Amino acid sequence: MTAVVDFTSVAARRSRRMPSSILWRVWQFVHAIFSRTDHHLDAELRGLLGDDRQYALLARLTAFDRAHHLRVYALLREEGVDDDDLLSAALLHDVGKADDRGRAHLGHRVVHVLLSRFARNWLDEMTEANRGQFWHGMFLTRHHAALGANLAHRAGASPRCCYLIAHHDDREAAFDDHDVALLMIADEAAIR
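What you are looking at is a predicted structure, and each value in this text was computed from that prediction instead of being measured.

## Remarks on helix α4 (residues 52-59)
- Among all positions in α4, only Gln-54, Tyr-55, Leu-57 and Leu-58 are buried. Down the axis of α4, the sector holding all buried residues measures 150°, keeping them to one side.
- On its buried face, α4 is in contact with α3 (39-49), α5 (63-78), α6 (84-92) and α9 (133-154).

## Regarding the packing of α3 against α4
- Remark: α3 packs on α4, axes separated minimally by 8 Å, with the N-to-C direction vectors making an angle of 145°. Handedness of the crossing formed by α3 with α4: right-handed. Residues Asp-42, Leu-45, Arg-46 and Leu-49 of α3 form the contact with α4, whose own contacting residues are Asp-52, Gln-54, Tyr-55 and Leu-58.
- Here the residues of the contact of α3 with α4 are counted per class, giving 4 nonpolar, 1 polar and 3 charged.

## Structural notes on the pattern of salt bridges
- Under the definition given, this model contains 8 salt bridges.
- Arg-66 is the partner of Asp-42 in a salt bridge, and the nearest nitrogen-oxygen pair spans 2.8 Å. Separated by 24 residues along the polypeptide, Asp-42 in helix α3 and Arg-66 in helix α5 bring together distant segments of the chain. The burial state of Asp-42 is the same as that of Arg-66; both residues are buried.
- Notably, a salt bridge pairs Arg-46 with Asp-52, separated by 3.2 Å at the nearest N-O pair.
- Arg-46 sits in the partly exposed class, given a relative accessible area of 41%.
- Overlapping salt bridges bring together Arg-160, Asp-177 and Asp-179 as one network.

Parameters at a glance
- Residues numbered from 1 in each chain as written.
- Predicted model: local features only at pLDDT ≥ 70, side-chain atom pairs only at ≥ 80, totals over all residues.
- Heavy atoms only, no water.
- Buried < 20%, exposed > 50% of the residue type's maximum accessible area, 1.4 Å probe, protein only.
- Helix = DSSP H or I, 4+ residues; strand = E, 2+ residues; numbered from the N terminus.
- Arc of directions from axis to C-beta.
- Contact = heavy atoms within 4.5 Å.
- Axes fitted to C-alpha atoms, helices over the stretch in contact; angles between N-to-C directions.
- Left-handed = near helix turned anticlockwise from the far one by under 90°.
- Nonpolar A, V, L, I, M, F, W, Y, C, P; charged D, E, K, R; others polar.
- Salt bridge = Lys/Arg side-chain N within 4 Å of Asp/Glu carboxyl O.

So, to be careful, I would describe these as geometric facts and stop short of saying anything about function.
Encoded structure:
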């Protein structure tokens, strides 16, 4: 079944939660700091994925991020989505934020958001590969979609799922692909 999402209602629900994007990011920061591992949530994620290789990718993320993935999945299910590739992409879309060398932390994301808004030219320079541990987190933050698609592919995810992961934050792709748009909207709506 193809879900039909009222883009304006999703945006309206989100805007009612917080009056400004700066306050929203501060609230998100505080929430992320105090997030703790939830073993029931992790068991649910493992069961939904049904693949230990894919769950291992998800398990490298913070508890806050794992909870976010489950919220994205739940929002899509609430909208009537039953497509396995799209639902798998919802559960795996940010796995590129962690790899064998480390993971992107909240500080990396804050710096990324600020630089993308106020100093895009510095962002390109700061997110090159192989620049040291802090910079690796910046690299993961900036390139997590492509990195995550590659990791998901190696963990047995379908080509369609990998495509959705690779493009989940690509606004141009969302105009051409309804499933990318659904994933992007659910991702943005699930940020708490």
